[in-house]
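# Structure at a glance
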Amino acid sequence: MLRLISLFILLTPLFCNAQGNLQIQQKVDSLRKTTIIDGNDKTGYQVFDDLFEEMLQADTINQQMPSIKKVGELLRDEKSRNSHLIKLFFGYQNYISNPQAKNNSKFQVDLIEALNMEVNEIYGKLPVILYIYQAEAYNADKRYKEAETLVDNAREIYPNAIPLKVYQAMAKKDESLKQEVIKANPNHWMVQLRLKESKP
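Residues numbered from 1 in each chain as written. Predicted model: local features only at pLDDT ≥ 70, side-chain atom pairs only at ≥ 80, totals over all residues. Heavy atoms only, no water.

## Structural notes on the pattern of salt bridges
Heads up, the condition is: Should a side-chain nitrogen of Lys or Arg be within 4 Å of a carboxyl oxygen of Asp or Glu, the pair is scored as a salt bridge. The way it works is that DSSP assigns letters per residue, a run of H or I at least four long becomes a helix, a run of E at least two long becomes a strand, and they are numbered from the N terminus. The rule is simple: take the accessible area with a 1.4 Å probe, protein chains only, and divide by the maximum for that residue type; under 20% is buried, over 50% is exposed, in between is partly exposed.
Here the structure, examined in full by the defined rule, presents eleven salt bridges. Of the charged contacts, one joins Arg143 and Glu113 as a salt bridge, the two residues approaching to 3.9 Å between their closest N and O atoms. Of the two residues, Arg143 sits in the loop between α7 (128–140) and α8 (144–157) while Glu113 sits in helix α6 (residues 105–123), which places them 30 residues apart along the sequence. Residue class for Arg143 comes out partly exposed when judged on its relative accessible area of 24%. The class for Glu113 is partly exposed, based on a relative accessible area of 26%. In this structure, the salt-bridge partner of Lys172 is Glu148, at a minimum N-O distance of 3.0 Å. Here Glu148 lies in helix α8 and Lys172 lies in helix α9 (residues 162–172), a separation of 24 residues in the sequence. Overall, Glu148 belongs to the buried group, its relative accessible area being 16%.

Here is the structure:
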């Protein structure tokens, strides 16, 4: 966890002064110049999958987060491929952890869409964690129908992703679907937080 905090501190300035799409794209273009772009190198993509398993799919969040060691190695290695994607991801993570982010949900959407566009351009697909983050950004911006559609589409690709099941049950306000998710995943932290306690 300390390694994660250190990463947040390292990437704090990434989006602190950006105000719109143009500034975001300038940040993306600038970071692109610091790495080697290679769609055949799946290291960055695997990091996203590992983070998903540790933070979102597991019943309890893995406080040790072994993938953070891999992230550190990736960022330190000047020859690593697509490392800007990891920087963008943690820059986004840092931004939404800032209380001020709640006052600018549209910018949150712009950030995650820019990240997802960049990942999709390189790999031709999105890891599940980015679908989840984008749905959360849409919900924060009160774009509930878009969030629901995104989750429905993502579930076609990742049918076993528990967070997607939770958000789908919440969006559809379907009690039978809700109970089905609770029964199948009774110990999952998000099920307990979002469904068992019936929080919006």
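Still more ground to cover, so stick around.
## Examining the environment of Lys178
Mapped onto the elements of the fold, Lys178 is located in helix α10 (residues 175–184). Along the primary structure Lys178 and Leu195 are separated by 17 residues, whereas in three dimensions their C-alpha atoms are 6.9 Å apart.

## A word on the environment of Ile96
Position of Ile96 relative to the elements: it lies in helix α5 (residues 83–97). Residue classification places Ile96 among the partly exposed residues on the basis of a relative accessible area of 30%. Along the primary structure Ile96 and Gln108 are separated by twelve residues, whereas in three dimensions their C-alpha atoms are 7.2 Å apart.

## Focus on the nonpolar core
The tendency in soluble globular proteins is for nonpolar side chains to be buried as a group. For the record, the criterion: Only buried residues count toward a nonpolar core, which is a set of Ala, Val, Leu, Ile, Met, Phe, Trp, Tyr and Cys residues joined through side-chain atoms within 4.5 Å. Note on definitions: a residue-residue contact is assigned when non-hydrogen atoms from the two residues lie within 4.5 Å.
Membership of the largest hydrophobic core comes to 56 residues, with the highest contact counts inside it found for Leu51, Phe89, Ile129 and Tyr133. Not counting residues up to four positions away in its chain, the partners in contact with Leu51 are Leu56, Met65, Ser67, Ile68, Phe89, Phe90 and Ile129.

## Digging into the packing of aromatic side chains
The following threshold applies: Aromatic contacts are taken between Phe, Tyr and Trp rings whose centres are within 6.5 Å, Trp giving its six-membered ring; a plane angle under 30 degrees counts as stacked, one over 60 as edge-to-face, and the others as tilted. In this scheme, the term charge over a ring applies when either NZ of a lysine or CZ of an arginine sits within 6 Å of the ring centre and within 35 degrees of the ring normal.
Per the counting criterion, the structure on display carries seven aromatic pairs. Between Phe89 and Phe90, the aromatic rings sit 5.2 Å apart at their centres with planes inclined by 90°, giving edge-to-face as the arrangement. We note that Phe89, like Phe90, is buried. When the centroid spacing of 5.9 Å and the interplanar angle of 40° are considered together, the rings of Tyr92 and Tyr133 count as tilted. With Tyr92 in helix α5 and Tyr133 in helix α7, the pair connects residues that are 41 residues apart, well separated along the chain. Taken individually, Tyr92 and Tyr133 each receive the classification buried, so the pair is uniform in this respect. An aromatic cluster is defined as three or more aromatic residues linked by ring pairs; in this entry it consists of Phe48, Phe89, Phe90, Tyr92 and Tyr133. When the ring centre of Tyr45 is taken as origin, the NZ or CZ atom of Lys125, which lies over that ring, is 5.0 Å away.

## A short note on α6
We apply this condition: Under the convention used throughout, the expected extent of a helix is 1.5 Å for every residue step, that is, one less than its residue count.
Along its 19 residues, α6 runs 27 Å from first to last C-alpha, staying within 8% of the 27 Å computed at 1.5 Å per residue. Counting buried residues in α6 gives 14 out of 19 residues, a clear majority hidden from the surface. Trailing α6 by a residue or two, Gly124 shows a phi angle of about 75°, which is positive.

## Points about the side chain of Gln134
Position of Gln134 among the secondary structure elements: in helix α7. For Gln134, the contacting residues outside a window of four places in its chain are Ile112, Glu113, Asn116 and Leu150.

## Overview of unusual backbone geometry
Even without a glycine there, the phi angle at Asn82 is positive, about 60°. Structurally, Asn82 is set in the loop between α4 (67–76) and α5. Residue Lys142 is not a glycine yet carries a positive backbone phi of 60°.

## Quick word on the side chain of Asn82
Let me state the cut-off plainly: In the analysis that follows, any N or O atom pair within 3.5 Å is treated as a polar contact, provided that within protein one partner can donate a hydrogen and the other can accept it, and provided that, for residues neighboring in sequence, both atoms belong to side chains.
Overall, Asn82 belongs to the buried group, its relative accessible area being 0%. Among the polar contacts made by the side chain of Asn82, one reaches the side chain of Tyr123 at a distance of 3.1 Å. Contacts of Asn82, omitting those with residues within four sequence positions, involve Thr35, Ile36, Ile37, Asp38, Asp41, Ile122 and Tyr123.

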